Amino acid sequence: FNFNFSINSKDGHVYNLPVNHDVTDPLKSIYAEAGIDYKNLILNMRYNKVNLDQFMNLSGYSQNNVHQSNNSYASINYTWYQNEKSSLNTQILFAEHAISSSGMIISKTKGVVSDDFLVGPLWTTKDLNFNLDHQINFKTHLSLTSGIEIKRAKQTKAGVNTSHFDFDNGIIIPSDEFYLGGPTEISNFDDFNSLKQSIDADAVYSQLKWQANSNFNVFIGARYDDVKEIDSKLSPRMALVYQSGTGHSLKIQYGESFRT
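All of the points below concern the structure found in this document. (Residues numbered from 1 in each chain as written. Predicted model: local features only at pLDDT ≥ 70, side-chain atom pairs only at ≥ 80, totals over all residues. Heavy atoms only, no water.)

**What about the side chain of Ser75?**
Link 1 in the chain: The topology assignment puts Ser75 in strand 8 (residues 66-82).
Link 2 in the chain: On the basis of relative accessible area, Ser75 is assigned to the buried category, the value being 12%. (Helix = DSSP H or I, 4+ residues; strand = E, 2+ residues; numbered from the N terminus. Buried < 20%, exposed > 50% of the residue type's maximum accessible area, 1.4 Å probe, protein only.)

In structure tokens, the structure reads:
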């Protein structure tokens with residue numbers, strides 16, 4: 001069993017800005033982690049919260065800038081079997097990422113509004129990943145690693161954190177009559193509803209490793225990605241690695257990758 005907990009707080013530095021007022025870049029963070037490793041099972045959980053208020057956010061310097069992120073993770077790893085010839089492992093990972101951020105867009109010194117106009121995202125995403133990895137050693141110098149990967153991602157919240165908002169019409173208006181007293185979280189924002197989408201992605205991959213001799217290794221592999229309603233691609237890869245035994249090595253690689 002392992003457990004780790006830490007709190008970090010820094011006052012930061014003071015920055016004198018002639019175009020605005022003095023700002024600082026303080027930092028506050030909390031981190032916690034716990035895990036259990038028992039026989040073939042490994043459980044891990046992590047959480048961290050970070051505050052980066054004031055200083056610069058979304059290109060604007062202001063003492064009223066806010067930025068907070070919350071990240072939670074949980075993973076389960078299980079080894080079904082493992083011996084000299086082969087092994088089979090599975091992993092399930094869940095993650096949730098939330099951000100509440102607001103930066104000054106229009107300063108009150110511009111004369112447009114009496115108080116600084118700030119706006120930023122209030123977003124939450126969730127990810128669920130499943131991996132199955134299998135490795136087989138045909139001989140001491142030849143092994144094959146293969147697996148599948150299933151990803152499910154969804155943006156569950158797409159709101160705004162703003163200082164000016166018209167609740168009757170559900171829109172952001174930088175006008176004094178819609179001032180909220182400072183950055184305020186608005187969970188329901190029609191203009192961002194289209195961002196609440198799900199992404200399903202599946203992949204299979206395999207790699208063959210051949211140790212020709214004590215100095216020369218060859219890797220040949222490929223990965224096929226299928227992102228639903230977006231695109232699919234087969235990505236080959238190959239590497240030749242020569243190690244002289246004197247601390248020097250020569251590596252030749254070719255690879256393709258897939259970005260969504």
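**Looking at the environment of Phe219**
Link 1 in the chain: The topology assignment puts Phe219 in strand 15 (residues 216-227).
Link 2 in the chain: Among the residues examined, Phe219 registers a relative accessible area of 21% and is labelled partly exposed.
Link 3 in the chain: As for Phe219 and Ser143, which are separated by 76 residues in sequence, their C-alpha atoms are 9.9 Å apart.
Link 4 in the chain: Those residues within four positions of Phe219 in sequence are excluded, and the remaining contacts are Gln207, Leu208, Lys209, Arg237, Met238, Ala239 and Val241. (Contact = heavy atoms within 4.5 Å.)

**Focus: the pattern of salt bridges**
Link 1 in the chain: Taken as a whole and assessed by the stated rule, the structure comprises 9 salt bridges.
Link 2 in the chain: Among the salt bridges present, the one from Lys126 reaches Glu96, with a minimum N-O distance of 3.6 Å. Placement of Lys126 in strand 11 (residues 121-139) and of Glu96 in strand 9 (residues 86-106) is noted, with a sequence separation of 30 residues between them.
Link 3 in the chain: Judged by its relative accessible area of 34%, Lys126 falls in the partly exposed class.
Link 4 in the chain: The shortest N-O distance in the salt bridge between Lys233 and Glu256 comes to 2.9 Å. In this pair, Lys233 is assigned in strand 16 (residues 231-243) and Glu256 in the segment after strand 17 (249-255), connecting sequence segments 23 residues apart.
Link 5 in the chain: Given the relative accessible area of 26%, Lys233 is considered partly exposed.
Link 6 in the chain: Taking the relative accessible area as the measure of exposure, Glu256 reaches 29% and is therefore partly exposed.
Link 7 in the chain: Salt bridges here are not isolated pairs; linked through shared partners, they connect Arg152, Asp200, Asp202, Asp226 and Lys228. (Salt bridge = Lys/Arg side-chain N within 4 Å of Asp/Glu carboxyl O.)

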